[in-house]
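Inside the fold
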Amino acid sequence: MNVTEQRLREHVDRLAEEHPPIELDSVDYTVRAPGPFEERFGHVLDYMARVELEVDRNVLELAAMLPDPPEIDRHFYADVWQPQEIRHGLILDRLQVELGRPPAETNLDTVGFKLRLLGALGRHHGFQDVCRMLYYLTGMATERSAVLAYNLLHAGVEEMGEQAVAQTVIAPIKRQEPGHYAFYQLSARLHWSRLAGWQRWLVRRMRTISFAPVGANTPRQLAEFGELMETLRITQAVDDFAARVSMVERELLWAGRQGLRVPTYVARAFRDAVDQAVANRQVA
Ligand SMILES: [Fe+2]
Ligand SMILES: [Fe+2]
């Protein structure tokens, strides 16, 4: 085991020990002004609850795409990540129901054709390593988006004076996200260093054609993500947000491109979300 592998193992053990899933009865759902709170943040809670609850599908997708994962990956997603994320989803969903909204509509069991195809091709070992890299890159972008979004949501909830929600819902959730990001970042760096030239080339190609903001699998969801960006005031600084989400991805995949601040496909995807939200509002 080399130094990075050792660090990864210690990191996962520490997460398991220091971050048990949030206790459901530690949460105080008291909202002082439910009307204005729902109006401003209801849709953000819904989006985040859905994405968090859909980790159950992500686990199935992972099994289809990477049928034979390294022990450390399995340990992370089965013993640490999935149990934590499910609680995040249950808590956020309960909060939106308390506000009078319907629960999130989740898709928990449809593993897409693309992923099943990747899984089939993945029986070829060299290709499975490409899939693993895509998995770590997706994990990194997703968790980094979560860290940034929960920070902004926490600030907004405090600004509205909703202390119970800020302190017992958003703060405990946002504390667990950086550890997930760190896992994917360490894994991505380690794995990238092992890939051959043709594998790196394929990772760049596949990432370029498949990148999407977290949870945005349909045009409607992309528009909803655009609305979330608007409410969390990300829209005013889209490229900055895109740059922060993809910082390590740019460093690893695009090191040869001097002066490139954000991978083009990342910047484009976030701008598309904003445009899609504007277009949908005009139709409505
Ligand atoms: Fe989460
Ligand atoms: Fe997470």
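Residues numbered from 1 in each chain as written. Chains lettered and ligands numbered in written order. Predicted model: local features only at pLDDT ≥ 70, side-chain atom pairs only at ≥ 80, totals over all residues. Heavy atoms only, no water.

Digging into the coordination of the iron ion (ligand 1)
Ideal coordination angles are 109.5 degrees for a metal with four donors arranged tetrahedrally and 90 or 180 degrees for a metal with six donors arranged octahedrally. As a reminder, the rule being used: Because no water is among the atoms considered, metal sites can look incomplete, with donors defined as N, O and S atoms within 2.8 Å of the metal, or 3.2 Å for Na, K and Ca. By definition, any uninterrupted DSSP run of H or I lasting at least four residues is a helix, any uninterrupted run of E lasting at least two residues is a strand, and each is numbered from the N terminus. To sort residues, take the accessible area from a 1.4 Å probe on protein chains only and compare it with the maximum for the residue type: under 20% means buried, over 50% means exposed, and anything in between is partly exposed.
The iron ion (ligand 1) binds to the protein through Glu52 (OE), Glu52 (OE), Glu85 (OE), His88 (ND1) and Glu177 (OE), with metal-donor distances spanning 2.0 to 2.4 Å. Donor residues for the iron ion (ligand 1), ordered by position in the chain, follow E-x32-E-x2-H-x88-E. Between the iron ion (ligand 1) and the iron ion (ligand 2) the interatomic distance comes to 3.6 Å, and Glu85 is a ligand of both metals. With Glu52 in helix H2 (residues 34-53) and Glu85 in helix H4 (residues 71-98), this pair connects stretches of sequence that are 33 residues apart. Accessibility classification places Glu52 together with Glu85 in one group, the buried group.

Some words on the packing of aromatic side chains
Note the following rule: Ring geometry is summarised as follows: Phe, Tyr and Trp rings, the Trp one being its six-membered ring, pair when their centres sit within 6.5 Å, and such pairs are stacked at plane angles under 30 degrees, edge-to-face over 60 and tilted between the two. Placement of a positive charge over a ring is assigned whenever Lys NZ or Arg CZ falls within 6 Å of the ring centre and within 35 degrees of the normal to the ring plane.
Throughout the structure, instances matching the rule amount to 12 aromatic pairs. Geometrically, the ring pair formed by Phe225 and Phe270 is tilted, given 5.9 Å between the ring centres and 40 degrees between the ring planes. With Phe225 in helix H9 (residues 219-231) and Phe270 in helix H12 (residues 264-283), the pair connects residues that are 45 residues apart, well separated along the chain. The same class applies to Phe225 and to Phe270, which are both buried. The structure contains a cluster of three or more aromatic residues connected by ring pairs, namely Tyr47, Phe211, Phe225, Phe241, Trp254, Tyr265 and Phe270. The ring of Tyr47 is capped by Arg50, whose NZ or CZ atom sits 4.8 Å from the centre of that ring.

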